Amino acid sequence: MILTCAVIIICTVIICAAFHCRKRANWDGLKHQNRILLKQMDNLAYRHSKLEQKLTDLKAHNFKQSEQLTTLKMQKAVMFGIDEYQDRAILSAIYPDNYAVVYPALALAGEAGEVANKVKKYVRGDFILDDDRRDAIGKEIGGVLWYCAALARDLNLNLSDIARQNLRVLEDRKQRGVIQGDGDER
Ligand SMILES: [Mg+2]
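Residues numbered from 1 in each chain as written. Predicted model: local features only at pLDDT ≥ 70, side-chain atom pairs only at ≥ 80, totals over all residues.

## A word on the overall build of the protein
Tallying secondary structure elements over the protein gives 4 helices and 0 strands in all. Its helices and strands taken in sequence order, the protein reads α-α-α-α from the N to the C terminus. What you see for the protein is a C-alpha radius of gyration of 42 Å, clearly larger than the 16 Å of a compact globule of 186 residues, by over 25%. In terms of principal-axis extent, the alpha carbons of the protein reach across some 140 × 40 × 30 Å. Of all intrachain contacts in the protein linking residues separated by at least 6 positions in sequence, the fraction that spans at least 24 positions is 71%. (Helix = DSSP H or I, 4+ residues; strand = E, 2+ residues; numbered from the N terminus. Rg over C-alpha atoms; globule rule 2.2 N^0.38 Å. Contact = placed C-beta atoms within 7 Å.)

In structure tokens form, the structure reads like this:
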């Protein structure tokens, strides 16, 4: 009887120990899996933040490209407008062919003088720059523009090419920090 009880107790202890070991093994396995999952989550969070950064950079890049595209479209529209203006403006040119180049060059200086004269009167205090005065100066600027178109035509030049080259020169000078200063070739 005692032997039977002892056997039963020993078996029970062994079974309990085995059960405990298995439970402990399962727990350790779960803890290990948990650590792996946490590490994977950290990796995913890191990759997510990297992707977010890339997305932000791409959006900034796209915005910049969109801005550049808009600027190019505007420049193209302006260039077309300038050439169209030149084509239509010179239809009203009536000076003799033997005065080509010379006539518009002299008249250009005259129109520029008229602009300067009106601005001089404003500086002297003869009037304030209200809408009428601005329009009047604008008309003189139109005269300057007309003779620019005519002079360029006489030299077989398009205003758009002149404007484009002028912008290139100015942008180059700006990049090199020589906007201010003297000399055409600086
Ligand atoms: Mg005039």
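So, next bit.
## Re the environment of Asp131
As for its position among the elements, Asp131 is in helix α3 (residues 131-154). Residues Asp131 and Leu145 lie 14 residues apart in sequence; the distance between their C-alpha atoms is 20 Å.

## Considering the domain arrangement of the protein
By domain assignment, the protein separates into domain 1 (1-68) and domain 2 (93-177). A C-alpha centroid distance of 77 Å is found between domain 1 and domain 2. (Domains from an automatic or database assignment.)

## Some remarks on the packing of helix α2 (residues 102-124) against α3
Across the interface, α2 lies against α3 with an axial gap of 8 Å and an inter-helix angle of 165°. Our classification of the angle between α2 and α3 gives roughly antiparallel. The handedness of the crossing between α2 and α3 is left-handed. Here Pro104, Ala105, Ala107, Leu108, Glu111, Ala112, Glu114, Val115, Lys118, Val119 and Tyr122 of α2 come into contact with α3, specifically with Arg133, Ala136, Ile137, Glu140, Ile141, Gly143, Val144, Tyr147, Cys148, Ala150, Leu151 and Asp154. Its residues assigned to classes, the contact of α2 with α3 comprises 16 nonpolar, 1 polar and 6 charged. (Axes fitted to C-alpha atoms, helices over the stretch in contact; angles between N-to-C directions. Parallel < 35°, antiparallel > 145°, perpendicular 65-115°, else oblique. Left-handed = near helix turned anticlockwise from the far one by under 90°. Nonpolar A, V, L, I, M, F, W, Y, C, P; charged D, E, K, R; others polar.)

## Quick look at helix α4 (residues 159-176)
With 18 residues, α4 ought to run about 26 Å at 1.5 Å a step, and its terminal C-alpha atoms sit 26 Å apart, in line with that. Gly177 sits one or two positions beyond α4 and adopts a positive phi of about 70°. (Expected span 1.5 Å × (residues − 1).)

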